[in-house]
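What follows is the residue order along each chain.
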Amino acid sequence: MSTAAAKDDIILSAQGLTKRFAGFVAVNGVDLAVRRGSIHALIGPNGAGKTTCFNLLTKFLQPSAGAIRFNGRDITSLSPAAIARLGVIRSFQISAVFPRLTVLENVRIALQRRRGDSFDFWRSEKVLSAFDEDALRRVDEVGLADYAAAEAGDLSYGRKRALEIATTLALEPELMLLDEPMAGMGQEDVARISALIRRISANRTILMVEHNLSVVADLSDRITVLARGEVLAEGTYEEVSGDARVIEAYIGAGHE
Amino acid sequence: MAVDAPATLPNSAAKVGAPRHHTLVFFALLLIMLVAPFVLYPVFLMKVMCFALFASALNLLLGFGGLLSFGHAAYFGIAAYVSAYTAKVWGLPPELAILLGTAAAAVLGLLIGALAIRRQGIYFAMVTLAFAQMVYFFSLQAPFTGGEDGIQAVPRGRLFGFIDLANDLTFYFVVLAIVTGGMLAIYRIIHSPFGQVLKAIRDNEPRSTSLGYKVDRYKLAVFVMSATLAGLAGAIKALVFQLASLTDVHWTMSGEVVLMTLLGGMGTIFGPLVGAAVIIGMQNYFASFGAWVTVLQGMIFVISVLLFREGIVGVISRWIKKPL
Ligand SMILES: Nc1ncnc2c1ncn2[C@@H]1O[C@H](COP(=O)(O)OP(=O)(O)OP(=O)(O)O)[C@@H](O)[C@H]1O
Ligand SMILES: [Mg+2]
C-alpha cells in the first residue's frame, strides 16, 4: 500500500504515548496507527500496558506525554465523554454492564444518547419506549432476547460480555475499542461473538485487546505487540507470530 | 443457539411508567394521612412528614445517584434558618418564607455540590461532611441565627393571606399537600429520562462516561435537586415547630437522615417514609427514656444492618418480588 493512501486512511493514531505511575512507566513512547475499516489487535503478555493504552486513548487516564489524533484531529486534551461523543466507544476489561438495570434498559441507555443530553427530569420515562424496539433487536442480535427483562447483574459472565458489546454497538461507533471481549467466554459464545465482531466491522473500525490468539489470527487485519509498555512488533499475524522477540516475550511471560 | 426474535416485548423488560402497585400504595398512604390527624397529634405527624421528605431527598441522591452525602443537615438547617428569619424578622408570609428557605438550600447545594462531586465514594462523603461542619460553625457564629438559642417563636402566619396556619389541623393539611407534591416530584425524577441516566451512573460511572454521558453534570443536577428538597423539608419544619436551631444543622441530623434512609431501604420509593416514621415515632414515644433513645436507635441500626441490609421496605419488596 502506498504511504500516501495509508496515511489518509488512519482513523486513530498515537505518537509517543507515555504513562508513568509513581516512578513506574506502564506505557512508554507507543506509536500506534489504526487504519480505517480494519480490525486492529493489540496483544501482549499480562501487564504489558494494553489496558493502560486504552485508558490513554479514551482519556480515562491523562497521558504523561504523547499525542492522540482521531480523524486527523488532536484529541489529546478532550474529556472521555467528549471523545465518546466523537464516535470512539470503548468497552472495559472487567465486564461493564449496569447491574440493576434490565438487559433491555442497558442497551436502551446507549440508544438514549440519540436524544442528546437527558436532563429532562420532569418528563416521564415513557418517552424512552420509542427506543424499545431497536433495543430489543440489538439484544436479540447478541442472543439475549430471552433475557431482555432480566436484571443485567444476574447474567452469567459470558452473557454480560455479550450485553456489553450490544450496548457499545447501539451507539453505532465509528471506532470501537474492545478490551478482551471474549475473556471468560465458552467456545460457543466465542464463536458467536467472533462472528458478530466480523459482521459489525463491515462499516467501522475496531481496535481490540484479546488474549485468545486464534481469535486474533482469525479476525485481525493488523496486530501490534506490546511488551513492558513498548511496541515490540507490528504487522499481520504471520509477520508478528514469526518474530523472534515476540515469541521470546510470550515465552518469557509464561504464555503459550 | 438460534433464538427466535420475540414478536412482542416482554412486559417487564423495561420498567416504564408507574407500576400499578405503586399507585395503590401512594393512595393508601394518602388515605391514611388524611385520617391520621384525627387519631394522632398533628404536630407529631407533621414532623414525620417533614423527615419523610428529608429522607426521600437524601434517598434520591444516595439510592438513585449512588452518592452518600453525610452533610445533608446543612441544606435542611439553612432552609430552616432562612424561612424562620424571613417569617419572623421580615414578616414574610409563610409561602414566601418557605420559598426563600428552599431557594437558599438550592444555592448552597449548588456551591457545595460543585466541589463535592469531584470526589468519589468515601471522599465524597467526607467533603460533604466537612462543608456541613462549616455551615454549622457559620450558624453558631452568624448574628442572625440566634446562636445557641436559635430563632424562636417564629410566626406561622397566614398562607396566601387568608389561611391561618396557627391552627395545627389546618397547617397539617397544608404540610400534607406540600410533602405529597415533593414525593411526586421525586417519583417523577426517578422515573424520567434523567432518572434513567442517573441509575446508570449509580450502577457504573465509567461505563456511563464511555457512552458519552457527562456524568459530573448529572451528579451535580441530582445533588442540587436533593439539597433543594431537603431544604423544603427544613423550611416547613421551622414553621411547624416555630423554631430553627443548631440541632437542624448539626452533624447528628445528617446522620439521622442517613439512618432513616438505610433503615427504610435505600433505593426504594417508600423506604425513607417508613424509616422516618420509625425513627421519629421512637423518639417521640420513647422520649421518657431520655438518652437511652439514642442507644436504642443505635441498636436498631446495628440490628437492621446485620439482619436486613436492604432495609425494611427492601426486604418486603424482595418478598413480594416487586419494586417498592
Ligand atoms: N492506576 C495504576 N497505578 C499504578 N500502576 C498501574 C495502574 N494501572 C496499571 N498499572 C500497572 O501498569 C502495568 C500495565 O497494566 P495494564 O493493565 O495496562 O496491563 P495489560 O496489558 O492490560 O495486562 P492484562 O493482560 O493483564 O490485562 C501493570 O504493571 C499494572 O500493574
Ligand atoms: Mg488489560
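Residues numbered from 1 in each chain as written. Chains lettered and ligands numbered in written order. Predicted model: local features only at pLDDT ≥ 70, side-chain atom pairs only at ≥ 80, totals over all residues. Heavy atoms only, no water.

Here the focus is the pairing of strand S9 (residues 222-227) of chain A. All names here are of chain A. With 5 of its 6 residues buried, S9 lies for the most part within the structure. When strand S3 (residues 39-43) meets S9, the two strands line up parallel, connected through 4 bridges. When the sheet's bridge partners are listed, Ile43 is paired in S9 with Val225. Relative to strand S10 (residues 230-235), S9 runs antiparallel, the two sharing 5 bridges. (Buried < 20%, exposed > 50% of the residue type's maximum accessible area, 1.4 Å probe, protein only. Helix = DSSP H or I, 4+ residues; strand = E, 2+ residues; numbered from the N terminus. Pairing = 2+ DSSP bridges.)

Okay, the coordination of the magnesium ion (ligand 2) next. Residue and element names in this part refer to chain A. Taken together, the protein donors to the magnesium ion (ligand 2) comprise Thr51 (OG1) and Gln93 (OE1), at separations of 1.9 to 2.1 Å. Of this pair, Thr51 sits in helix H2 (residues 50-57) while Gln93 is found in the loop between strand S6 (88-90) and helix H4 (103-111), placing the two residues 42 residues apart along the sequence. Overall, the relative accessible area of 25% leaves Thr51 in the partly exposed class. (Donors = N, O, S within 2.8 Å, 3.2 Å for Na, K, Ca; no water.)

Attention now moves to the sheet that holds strand S2 (residues 24-35) of chain A. All names here are of chain A. Read from one edge of the open sheet, 4 strands run S2-S1-S4-S5, paired in antiparallel fashion. The open sheet has two edge strands with one neighbour each: S2 and strand S5 (73-74). Across 2 bridges, the pairing between strand S4 (residues 65-70) and S5 is antiparallel. Among the inter-strand pairings, Arg69 is bridged to a residue of S5, identified as Asp74.

All right, on to the interface of chain B and chain A then. Taken together, the contact pairs 39 residues of chain B with 51 residues of chain A. Counting each side, the surface lost to burial between chain B and chain A is near 4,000 Å², with a carbon and sulfur contribution of 61%. The tally of links from chain B across to chain A stands at 0 salt bridges. At the boundary of chain B and chain A, one finds 16 residue pairs in polar contact (both at pLDDT 80 or more). Among the elements of the structure, helix H6 (168-190), helix H7 (193-203), helix H8 (205-210) and helix H9 (215-241) of chain B are those that each provide at least two residues to the side of chain B that touches chain A. Broken down by element, the side of chain B that touches chain A gets its largest block of residues, 8 residues, from H7(B). Along the lines of polarity and charge, the residues of the side of chain B that touches chain A split into 19 nonpolar, 11 polar and 9 charged. (Contact = heavy atoms within 4.5 Å. Buried area = accessible area lost by both parts, 1.4 Å probe. Salt bridge = Lys/Arg side-chain N within 4 Å of Asp/Glu carboxyl O. Polar contact = N/O pair within 3.5 Å; in protein donor to acceptor, adjacent residues only side chain to side chain. Nonpolar A, V, L, I, M, F, W, Y, C, P; charged D, E, K, R; others polar.)

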